[in-house]
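# Descriptive analysis of the structure
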Amino acid sequence: MRIIDLRGKSLSRAELLAAMPRAAMGTSEATDLVRPILDDVKERGAAALRDFEEKFDHVRPANLRVPKEAIAAALDTLDPEVRAAIEESVRRARAVAANQVPKDFHTDLAEGARVAERWIPIQRVGLYVPGGKAVYPSSVIMNAVPAQAAGVESLAIATPPARDNEEGLPNKTILATCAILGVDEVYAVGGAQAIAMFAYGAKGSEPQDGAVLCDPVDKITGPGNIFVATAKSLVSAFVGIDAVAGPTEIGIIADKDANPSLLAADLIGQAEHDELAGSVLFTDSPELADKVQENLNYRVPRTEHAERVHTSLNGTQSAIVLTDGLDQSIDAANAYAAEHLEIQTKDADAVVKRIKNAGAIFRGPYSPVPLGDYMSGSNHVLPTGGTARFAAGLGVHTFMKPVEVIEYDEEGLKALAARINAFAVSEDLPAHGECVLSRFVKDPYDKATLREQEKEAGLR
């Protein structure tokens, strides 16, 4: 891994942000490829979806919507050990999600003057579960569980057909996870075409599709590759999205007492995802950095996806960042704003309290990132690419909207009417004031007598 040496440097905020390792993203090229896909699905619906599945996933699904029987059968044939792991993951995720549900409240400002806030579930949500280099039943859990806890009425899942399934059905473990969660609207559609289907809906093209294959959704969530991310960005003007996710990443703050073997294992674990995945170690110990490099040299050739890991760890998005001390390590980590941030220092609790920017924080050597990926109860759909400076991970709040309810009676409004009118006139919006005054005076348009009218009405 390359070294970024910050020692002896006093960097401005802008310089520190610029010094952080990042993956290079070719979004403009992806936009040119994705936009015609969106347009075609919008126009031709299921016919276009089948064409794109055949082109990109090399199978033409007979059933774009997975039959319920296939979902049930996948659960029946699921390995018992894997089923137990999935069910435990679901149990823990549901326990955390239940505590995330925000509560309605109201504020009484005066007699007859109340502002309340209701949290309303989004009505219909499309959840994208990626395929590609790995299979992600965990992403089904991380998306569906908080949506269900929020009270979303209608959940649809899209995931690519499995490469080894001649019928064009998705991976059986993903389908079994849907069955465990009680989700039966599942589509064998991947990539940008799945995002288009969710955003626009899709009319049927064959008898088994029906007249409407898929109704449009109100929000799309879930990770994906550059083409999925670009598609989400392009449709975000008229349908909600959780985020435009980039490659996954880990940051680790470690001091001289950290275990270099575990640090190397954690860096490799994240690098396994993708050649563009970012793995960054922040430390004030050059000796620790050397030991981590030695452990990487030993471990990387022995892991199954050694070539992918090697490419990731040697990319511009990965580095060991040397600092003058723990304070600078924390500052650098806050600038990096990692999707996953591990704290492996002597006083981890004190460091956790100083972290301002991270998708999720993993405290101590026994809270590695894969714990959060699968079974900690936390959510693994997190902000990437430094967006943790202003964004949060997926949760129940993602699937709900806070809506204020204004409840004023006659006396409550009367006490403010003259002031509202004065405010409106100052903004050159007199009709706003006239709207309010019409409830209390005879002629709000007669400006010559308006003040007298206000007095007679008891507004002054």
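Here the structure is a predicted model, which is why all the values come from computation and not from measurement. Position numbers for residues start from 1 in each chain and track the written sequence from start to end. Reporting of local features is limited, given that this is a predicted model, to residues whose pLDDT is at least 70; pairs of side-chain atoms are given and counted only at 80 or more, and all residues count toward the totals for whole chains, interfaces and linings. Note: side-chain values were computed over all heavy atoms of the structure, leaving out hydrogens and water.

## As for the overall build of the protein chain
Helix and strand labels come from DSSP, where a helix needs a run of H or I of at least four residues and a strand needs a run of E of at least two; each type is numbered from the N terminus. Across its full length, the protein chain carries 19 helices and 16 strands. For the protein chain, the spread of C-alpha atoms along the principal axes amounts to about 90 × 70 × 40 Å. Within the span of the protein chain, comprising 460 residues, buried residues form 47% of the whole. By the convention used here, residues are in contact when the closest approach between their heavy atoms is within 4.5 Å. For the protein chain, long-range pairs separated by at least 24 residues make up 72% of all intrachain contacts whose partners lie at least 6 apart in sequence. Residue exposure ignores everything except the shown protein chains as possible cover, and the areas themselves are Shrake-Rupley values with a 1.4 Å probe. A total of about 22400 Å² of accessible surface is found on the protein chain, and carbon and sulfur atoms cover 51% of it. Here the protein chain holds 47 positive side-chain charges and 66 negative ones, and the gap between their average locations is 3 Å. Burial status follows relative accessibility: with a 1.4 Å probe on protein chains alone, a residue under 20% of its type maximum counts as buried, one over 50% as exposed, and anything between as partly exposed. For the purpose of counting charges, residues Lys and Arg are taken to be positive, whereas Asp and Glu are taken to be negative. His and the chain ends are not included. We put the charge of a Lys on NZ, of an Arg on CZ, of an Asp on CG and of a Glu on CD.

## Observations regarding helix H13 (residues 326-336)
Summarising burial for H13: 8 of the 11 residues are buried, a large majority. Residues of H13 that are buried sit in contact with helix H1 (13-19), strand E11 (249-254), strand E12 (278-283), strand E14 (340-344) and helix H14 (348-352). Taken from the residues just after H13, alanine 337 is the one with a positive phi, measuring 55°.

## What to know about the UniProt feature "active site" (unreviewed entry) in the protein chain
UniProt positions are given in the numbering used here, feature names are shortened, and annotations may be inferred rather than shown by experiment. With numbering aligned to this structure, UniProt lists the feature "active site" (unreviewed entry) at Glu339 and His340. Checked against the element boundaries, glutamate 339 lands in the loop between H13 and E14. Excluding residues that lie within four positions of it along the chain, glutamate 339 makes contacts with Thr248, Glu249, Gln270, Gly359, Ala360, His380, Leu382, Pro383 and Thr384. Locating histidine 340 in the fold gives a position in strand E14. Its relative accessible area of 2% is what places histidine 340 among the buried residues. With near-sequence residues (within four places) excluded, histidine 340 lies in contact with Thr248, Glu249, Ile250, Gly251, Gln270, Ala360, Phe362, Val369, Asp373 and Leu382.

## What to know about the UniProt feature "binding site: NAD(+)" (unreviewed entry) in the protein chain
Residues annotated in UniProt with the feature "binding site: NAD(+)" (unreviewed entry) correspond here to Tyr128, Gln193 and Asn225. For the annotated residues, spread through 98 residues, the largest C-alpha to C-alpha distance comes to 12.6 Å, consistent with a single compact locus. The residue glutamine 193 is located in helix H8 (residues 191-200) in this model. A relative accessible area of 3% means that glutamine 193 is categorised as buried. Apart from the residues lying within four places of it in its own chain, the contact partners of glutamine 193 are Ile37, Val41, Leu49, Phe52, Glu53, Phe56 and Asp57. If you trace the backbone, asparagine 225 turns up in the loop between strand E9 (219-221) and helix H9 (226-235). Exposure remark for asparagine 225: the relative accessible area of 43% places this residue in the partly exposed category.

## With respect to the packing of aromatic side chains
Under the pairing criterion, centres of Phe, Tyr and Trp rings, with the six-membered ring standing for Trp, must be within 6.5 Å; the plane angle then separates stacked pairs below 30 degrees from edge-to-face pairs above 60, leaving the rest tilted. One pass over the full model with this rule turns up 3 aromatic pairs. Where phenylalanine 52 meets phenylalanine 56, the ring centres are 6.0 Å apart and the plane angle is 10°; that geometry is what we call stacked. Taken together, the residues phenylalanine 52 and phenylalanine 56, both in helix H3 (residues 46-57) and 4 residues apart, mark about one turn of the helix. Residue phenylalanine 56 is classed as partly exposed on the basis of its relative accessible area of 37%.

## Remarks on the nonpolar core
Take the buried residues of types Ala, Val, Leu, Ile, Met, Phe, Trp, Tyr and Cys, join any two whose side-chain atoms come within 4.5 Å, and each joined set is a nonpolar core. Within the largest apolar cluster, 40 residues are counted, with the highest numbers of intra-cluster contacts made by Val66, Ile157, Leu181 and Phe399. Put simply, the parts of the chain that give this core at least two residues each are helix H4 (68-76), helix H5 (80-100), strand E4 (124-128), helix H6 (137-150), strand E5 (154-159), helix H7 (172-181) and strand E6 (186-188). Broken down by element, the residue count for this core peaks at 7 residues, all from H6. Once residues within four sequence positions are removed from consideration, isoleucine 157 is found in contact with Leu127, Val129, Val140, Cys178, Val183, Glu185, Val186, Tyr187 and Phe198. With 30 residues, the next largest nonpolar core counts Ala192, Ala199, Val217 and Val228 among its residues.

## Remarks on the packing of helix H10 (residues 260-271) against helix H11 (residues 286-299)
Axis definition: a line fitted to C-alpha atoms, over the contacting stretch in the case of helices. Angles run 0 to 180 degrees between N-to-C directions. Running from amino to carboxyl end, H10 crosses H11 at an angle of 60°, the nearest separation of the two axes being 8 Å. Between H10 and H11, the interaxial angle falls into the category oblique. Of the two possible hands of crossing, H10 and H11 adopt the one that is right-handed. Contacts between H10 and H11 pair Pro260, Ser261, Leu263, Ala264, Ala265, Leu267 and Ile268 from the former with Leu288, Lys291, Val292, Asn295, Leu296 and Arg299 from the latter. The scheme is simple: roughly parallel for angles under 35 degrees, roughly antiparallel for over 145, roughly perpendicular for 65 to 115, oblique for anything else. Note on convention: the crossing is left-handed when the near helix lies turned anticlockwise from the far helix by less than a right angle, right-handed when the turn is clockwise.

## A closer look at the sheet that holds strand E16 (residues 400-408)
The antiparallel open sheet is built from 3 strands, whose spatial order is E2-E3-E16. The open sheet terminates on both sides in strands that have one partner only, identified here as strand E2 (105-110) and E16. The sheet shows a mean angle of 20° between the axes of neighbouring strands, direction not considered. Note on pairing: DSSP must find at least two bridges between two strands before they are called paired. Note: strand E3 (residues 113-121) against E16, 9 bridges, orientation antiparallel. Note that in E16 the partner of arginine 118 across the bridge is valine 403.

## So, the sheet that holds E4
The strands making up a sheet associate through backbone hydrogen bonding, with each pair oriented either parallel or antiparallel. In spatial order, the strands read E6-E5-E4-E9-E10; together these 5 strands make up an open sheet with parallel pairing. What marks the edges here is a single partner per strand, and that holds for E6 and strand E10 (240-241). Two elements, E4 and E5, share 5 bridges in a ladder whose sense is parallel. Residue glycine 126 lies in a different strand from E5, and its bridge partner there is alanine 156. Packed on one face of the sheet, H8 meets E4, E5, E6 and E9 and runs near 175° to E4.

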